[in-house]
Amino acid sequence: MNDRLGQPGLPHGLVGRMLGGVMRWHNRPDNEWTLSLLDIRDNEQMLEVGFGPGAAIRLASQLNASVRITGVDHSPEMLAAAERLNHDAVAEGRVRLTLGSADHLQFADNSFDKVYSINCIYFWPAPARGLSELYRVVKRGGLVAITVRDKERPPYDAFRPEKLTNSLIEAGFSSVAINRNDVPSHPLICAVGTK
Ligand SMILES: C[S@@+](CC[C@H](N)C(=O)[O-])C[C@H]1O[C@@H](n2cnc3c(N)ncnc32)[C@H](O)[C@@H]1O
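Here's what I pulled together on the structure shown here.

Reading guide: rules and limits
- Residues numbered from 1 in each chain as written.
- Predicted model: local features only at pLDDT ≥ 70, side-chain atom pairs only at ≥ 80, totals over all residues.
- Heavy atoms only, no water.
- Pairing = 2+ DSSP bridges.
- Helix = DSSP H or I, 4+ residues; strand = E, 2+ residues; numbered from the N terminus.
- Axes fitted to C-alpha atoms, helices over the stretch in contact; angles between N-to-C directions.
- Contact = heavy atoms within 4.5 Å.
- Phe/Tyr/Trp six-rings, centres within 6.5 Å; stacked < 30°, edge-to-face > 60°.
- Buried < 20%, exposed > 50% of the residue type's maximum accessible area, 1.4 Å probe, protein only.

### Topic: the sheet that holds strand 1 (residues 45-49)
Now for step 1: A sheet is described by the order of its strands in space; here seven strands give the open sequence 3-2-1-4-5-7-6, paired in mixed fashion. The open sheet is flanked by strand 3 (95-99) and strand 6 (175-180), the only strands paired with a single partner. Each strand axis lies, on average, 15 degrees off the axis of its neighbour in the sheet, ignoring direction.
Now for step 2: Strands strand 5 (138-149), strand 6 and strand 7 (188-194) of the sheet are contacted by helix 8 (residues 161-171), whose axis makes an angle of about 155 degrees with strand 6.

### Brief notes about the packing of aromatic side chains
Now for step 1: The final tally for this structure, using the stated rule, is five aromatic pairs.
Now for step 2: Ring centres 5.3 Å apart and planes at 90 degrees place the aromatic pair Phe-107 and Phe-112 in the edge-to-face group. For the pair Phe-107 and Phe-112, one class covers both residues: buried.
Now for step 3: Here the aromatic rings of Tyr-122 and Tyr-156 are separated by 5.0 Å at their centres, their planes lie at 90 degrees, and the arrangement is edge-to-face. Placement of Tyr-122 in the loop between strand 4 (112-118) and helix 7 (127-137) and of Tyr-156 in the loop between strand 5 and helix 8 is noted, with a sequence separation of 34 residues between them. The pair Tyr-122 / Tyr-156 is uniform in exposure class, with both members buried.

Have a look at this one:
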């Protein structure tokens, strides 16, 4: 097991399953806010990287039943939890969940209209590589949203607005908008890059 990642970066075992339950309610505002910034349209193809317990995927599929959502997470424990939470949508073929890593996505170029990752980039082995992968798989004109905690201590300080903007531009995005939720008790930043 990878000690660098800890339970939040790679949930595993009983503790990982319990943490998944905590994430479902604690990160609900993060999911709602991020999806609201993505302006989901009918029949879009979406991708979430690092879906954890799968709550944002369920929310997206409830917000618009016509979208198709793919999820990638490297934790087998979270894959099982997300499959349980999204059982019906998976059975109907509206949601597809897979094991995989941000730095090597198993999808063709230009596959998705909207791509998002919430509370996850801190754990990527090579964030620049991961952002290049997100750029590769999103369609031209599509959006990529990266949501992080708005805090000035590690690991969050490596993803302050200016750094996040520069990283997205270096990955190829033509423009980046920085959003803040302005909730002091639960401060978040979401960088939305346009390809
Ligand atoms: C802190 S949890 C956040 C889960 C969910 N997005 C949320 O906000 O509730 C981070 C998740 O990202 C996954 N993860 C971390 N690094 C990853 C990587 N390189 N590739 C894919 N998934 C990763 C972990 O397994 C975990 O499920």
